[in-house]
Number of protein chains: 2
Amino acid sequence: MTEIPRDHPRYESLSLRETITRCVELGITSRQGLIAHGRGEAIDYLIGEKTLPTALKAEDAAVATLLTAKNPVISVNGNTAALVPEETIELAELIGAKIEINLFHRTEERIARIKDHLERLGAEDVLGLEPDEKIPGLTSERAKVSKKGIFSADAVLVPLEDGDRCESLVRMGKIVIAIDINPFSRTSRMAQISIIDNVIRAMPNMIACAKVLTENAVPKKDLLAMIEAFDNRENLNETIKEIKRGLNEGRLEESTGYSKLSIW
Amino acid sequence: MTEIPRDHPRYESLSLRETITRCVELGITSRQGLIAHGRGEAIDYLIGEKTLPTALKAEDAAVATLLTAKNPVISVNGNTAALVPEETIELAELIGAKIEINLFHRTEERIARIKDHLERLGAEDVLGLEPDEKIPGLTSERAKVSKKGIFSADAVLVPLEDGDRCESLVRMGKIVIAIDINPFSRTSRMAQISIIDNVIRAMPNMIACAKVLTENAVPKKDLLAMIEAFDNRENLNETIKEIKRGLNEGRLEESTGYSKLSIW
């Protein structure tokens, strides 16, 4: 484990790397998950490592959707479990959602370890270890889901999802909310609500929104109006425009990302 | 190990992921190296996953520089050893360079494994296992180098280098040639010759150039003229312009990268 000084300009990013690397050692995250994390880091530089206004809009619409859903489920993979385990549990409690572990590189052992990890942090009744249904149209191990969880969910929050599975969930008629930092991914294009943000910023933002909406007991009709007012395609297009605008104005050069980065 | 079908649109990229992941299992690549690989993948999407004309220019100037150097050295880290071991050996032979292993996350064991890996592929006298000098100005393990290798080299090829070390090598008065897909990195800015390309494309390009120059016995004065004609700063600026041009014209959306990518 490499010790990172607190005053390092890239402290947060480097700490996340250490966290996710440690989670590989603990059997929670797959090695392929580390590569995905790296891709996410680079795309985050393009975005300027901050939540764009369009992302916040999507996050609010997502929370309203989850609050009005009958059986909302948060799907958790190895990277989500590594990066935002506590936030996932807190959000699930606030919105009354189930948590189900679903892995691209699925092994029983890794699911058990993630379940254990989440339960030690306070989660209860984490699904995924004993799948009793399959998502139609997927042949791989990823198809395995739980009947009372993802299979019967009307709304699914899928942080860091793969495109195939996202597409299959949409085909099943579910409302799919994706957290994916890449606005060009198939997941971002397939989801009904595409949150183009780093999961470590998106989850706290959603928790904050969920608190406001629940503590103020915002009525269902107002939540439905929030959802109605949100246009995902328009929001996604605006996000892409904003990213390009930032690039043309030198965001990548000025960003706290690569230019100050000492580890490559 | 995940089996990737040959006709998968992302076959090459996914195979590289499998290769580098396997190299972590073999103790050749560090886990942090996987995250770096992911960052490289994402930046490569911006470039369009092809060698830009400016990169080819830098690759040619780099080969001319290495051929005219008195003691050229190729520095090898875990990712280079995983992705282009044979190419590294071939290029070293063509240009008469030494190979020295130098790791950011240095362990004796990993150096020994990389040495073994390269020697099994035909490399001879791989340096790095018994460092007897230090790069001034670096406190970490990265400072450890061999006297007859990097320490006394006049030109060093550093694929996938970290910024601190690149800077220190430049301060030592060496000609540093970096292969770094990120044009905004400190490494790319510090190096005298910055090759903004994926190492898996850069190395074969350099081998091809080295063959032409050596088989035609191009005289030293012509090699020096090639080097003289190359302006790294101008080339780097042109690269950045070209990347932005591509983005504005929809390269990222159209690229074979994310939009067709099924694994995230």
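Everything quoted here is computed from the prediction, not taken from an experiment. (Residues numbered from 1 in each chain as written. Chains lettered and ligands numbered in written order. Predicted model: local features only at pLDDT ≥ 70, side-chain atom pairs only at ≥ 80, totals over all residues. Heavy atoms only, no water.)

### Looking at the side chain of A:R201
Locating A:R201 in the fold gives a position in helix α9 (residues 199–215). When neighbours within four sequence positions are excluded, A:R201 is seen to be in contact with A:D44, A:I47, A:E49, A:K50, A:T51 and A:I181. (Helix = DSSP H or I, 4+ residues; strand = E, 2+ residues; numbered from the N terminus. Contact = heavy atoms within 4.5 Å.)

### A word on helix α2 (residues 31–47) of chain A
A turn of α-helix holds 3.6 residues, and therefore any two residues three or four places apart point the same way. Residue and element names in this part refer to chain A. Taking 1.5 Å per residue, 17 residues should reach 24 Å; α2 reaches 25 Å between its end C-alpha atoms and fits that length. Of all 17 residues in α2, 16 are buried, a share of seventy percent or more. Within two residues after α2, G48 carries a phi angle of roughly 90°, on the positive side. (Expected span 1.5 Å × (residues − 1). Buried < 20%, exposed > 50% of the residue type's maximum accessible area, 1.4 Å probe, protein only.)

### Things to note about unusual backbone geometry
Phi is positive for A:A217, which is not a glycine, with a value near 45°. Mapped onto the secondary structure, A:A217 falls in the loop between α9 and α10 (220–228). Of the residues examined, A:A217 reaches a relative accessible area of 59% and is grouped as exposed. The phi angle at B:L160 is positive, at roughly 55°, despite the residue not being glycine. Considering the arrangement of structural elements, one finds B:L160 in the loop between β5 (155–159) and α7 (163–171). You can call B:L160 buried: its relative accessible area is 15%.

### Side note on the UniProt feature "binding site: ATP" (unreviewed entry) in chain A
Residues and elements named next belong to chain A. UniProt annotation of "binding site: ATP" (unreviewed entry) refers to R17, R39, D180, I181, N182, R186, T187, N198 and V199 when read in the numbering used here. Of the residues just listed, which span 183 residues, the most distant C-alpha pair is 25.2 Å apart, and they do not cluster in one region. Within the secondary structure, N182 sits in the loop between β6 (175–179) and α8 (186–190). The exposure class of V199 is buried, given its relative accessible area of 2%. Other than its neighbours up to four places away in sequence, V199 contacts L83, V84, P159, L160, I179 and P204. (UniProt positions renumbered as here; feature names shortened; annotations may be inferred.)

### Comments concerning the pairing of β6(A)
Residue and element names in this part refer to chain A. The buried fraction of β6 amounts to four of the five residues, a majority that puts the element mostly inside the structure. With five bridges connecting them, strand β5 (residues 155–159) and β6 associate as parallel partners. Each bridged residue has a counterpart across the sheet, and for V158 the counterpart in β6 is A178. In this fold, β5 hands off to helix α7 (residues 163–171), which returns the chain to β6; that crossover is right-handed. Across three bridges, the pairing between β6 and strand β7 (residues 193–195) is parallel. (Pairing = 2+ DSSP bridges. Right-handed = clockwise from strand over helix to strand, strands pointing away.)

### Digging into the packing of α2(A) against helix α1 (residues 11–25) of chain B
It is at 9 Å that the axes of α2(A) and α1(B) come closest, and there the two elements cross at 120°. One element, α2(A), and the other, α1(B), form an angle in the oblique class. Of the two possible hands of crossing, α2(A) and α1(B) adopt the one that is right-handed. Residue-level contacts link A:R31, A:Q32, A:I35 and A:R39 of α2(A) to B:R17, B:E18, B:I20, B:T21, B:V24 and B:E25 of α1(B). Among the residues forming the contact of α2(A) with α1(B), the class breakdown is three nonpolar, two polar and five charged. (Axes fitted to C-alpha atoms, helices over the stretch in contact; angles between N-to-C directions. Parallel < 35°, antiparallel > 145°, perpendicular 65-115°, else oblique. Left-handed = near helix turned anticlockwise from the far one by under 90°. Nonpolar A, V, L, I, M, F, W, Y, C, P; charged D, E, K, R; others polar.)

### What about the sheet that holds β7(A)?
All names here are of chain A. Strand order in the open sheet formed by five strands is β2-β1-β5-β6-β7, with parallel pairing between adjacent strands. Every interior strand has two partners, whereas the edge strands, β2 (98–101) and β7, have only one. The sheet shows a mean angle of 20° between the axes of neighbouring strands, taken without regard to direction. The pairing of strand β1 (residues 72–76) with β5 spans three bridges and is parallel. Within the sheet, the bridge partner assigned to V73 lies in β5 and is V156.

### Re the sheet that holds β5(B)
Residues and elements named next belong to chain B. Pairing within the open sheet is parallel, and its five strands lie in the order β2-β1-β5-β6-β7. The sheet terminates laterally at β2 (98–101) and β7 (193–195), the two strands that pair on one side only. Sheet twist, expressed as the average angle between the axes of neighbouring strands with direction ignored, equals 20°. On the sheet, helix α9 (residues 199–215) packs against β5, β6 (175–179) and β7 and is oriented at approximately 125° with respect to β6.

### Structural notes on the packing of helix α3 (residues 53–68) of chain A against α9(A)
Residue and element names in this part refer to chain A. Interhelical geometry of α3 versus α9 gives an angle of 55° and a closest axis separation of 9 Å. If you check the angle between α3 and α9, you find them oblique. As α3 runs across α9, the sense of the crossing is right-handed. When α3 is examined against α9, the residues L56, E59, D60, A62, V63, A64, L66 and L67 are found in contact with a partner set consisting of A202, N205, M206, C209, A210, L213 and T214. When the residues that make up the contact of α3 with α9 are grouped by side-chain class, the tally is 11 nonpolar, two polar and two charged.

### Quick notes on the pattern of salt bridges
Scanning the entire structure with this criterion turns up 40 salt bridges over all chains. In this structure, the salt-bridge partner of A:D44 is A:R201, at a minimum N-O distance of 2.8 Å. Here A:D44, found in helix α2, pairs with A:R201, found in helix α9; they are 157 residues apart in sequence, far enough to count as distant. Of the two residues examined, A:D44 and A:R201, each falls in the buried class. B:D164 is the salt-bridge partner of B:R142, the closest N and O atoms lying 3.4 Å from each other. Linking B:R142 in the loop between β3 (133–134) and β4 (144–145) with B:D164 in helix α7, this pair joins segments that are 22 residues apart in sequence. We classify B:R142 as buried; its relative accessible area is 8%. For B:D164, a relative accessible area of 24% corresponds to the partly exposed category. (Salt bridge = Lys/Arg side-chain N within 4 Å of Asp/Glu carboxyl O.)

### Thoughts on the side chain of A:N71
Residues and elements named next belong to chain A. Inspection of the secondary structure assignment puts N71 in the loop between α3 and β1. Among the polar contacts listed, one links the side chain of N71 to the backbone oxygen of K148, at a separation of 3.3 Å. A distance of 3.1 Å separates polar atoms of two side chains, one belonging to N71 and the other to S152. In this structure, N71 is in contact with K98, K148, G149, S152, A153, D154 and A155, ignoring residues within four places of it in sequence. (Polar contact = N/O pair within 3.5 Å; in protein donor to acceptor, adjacent residues only side chain to side chain.)

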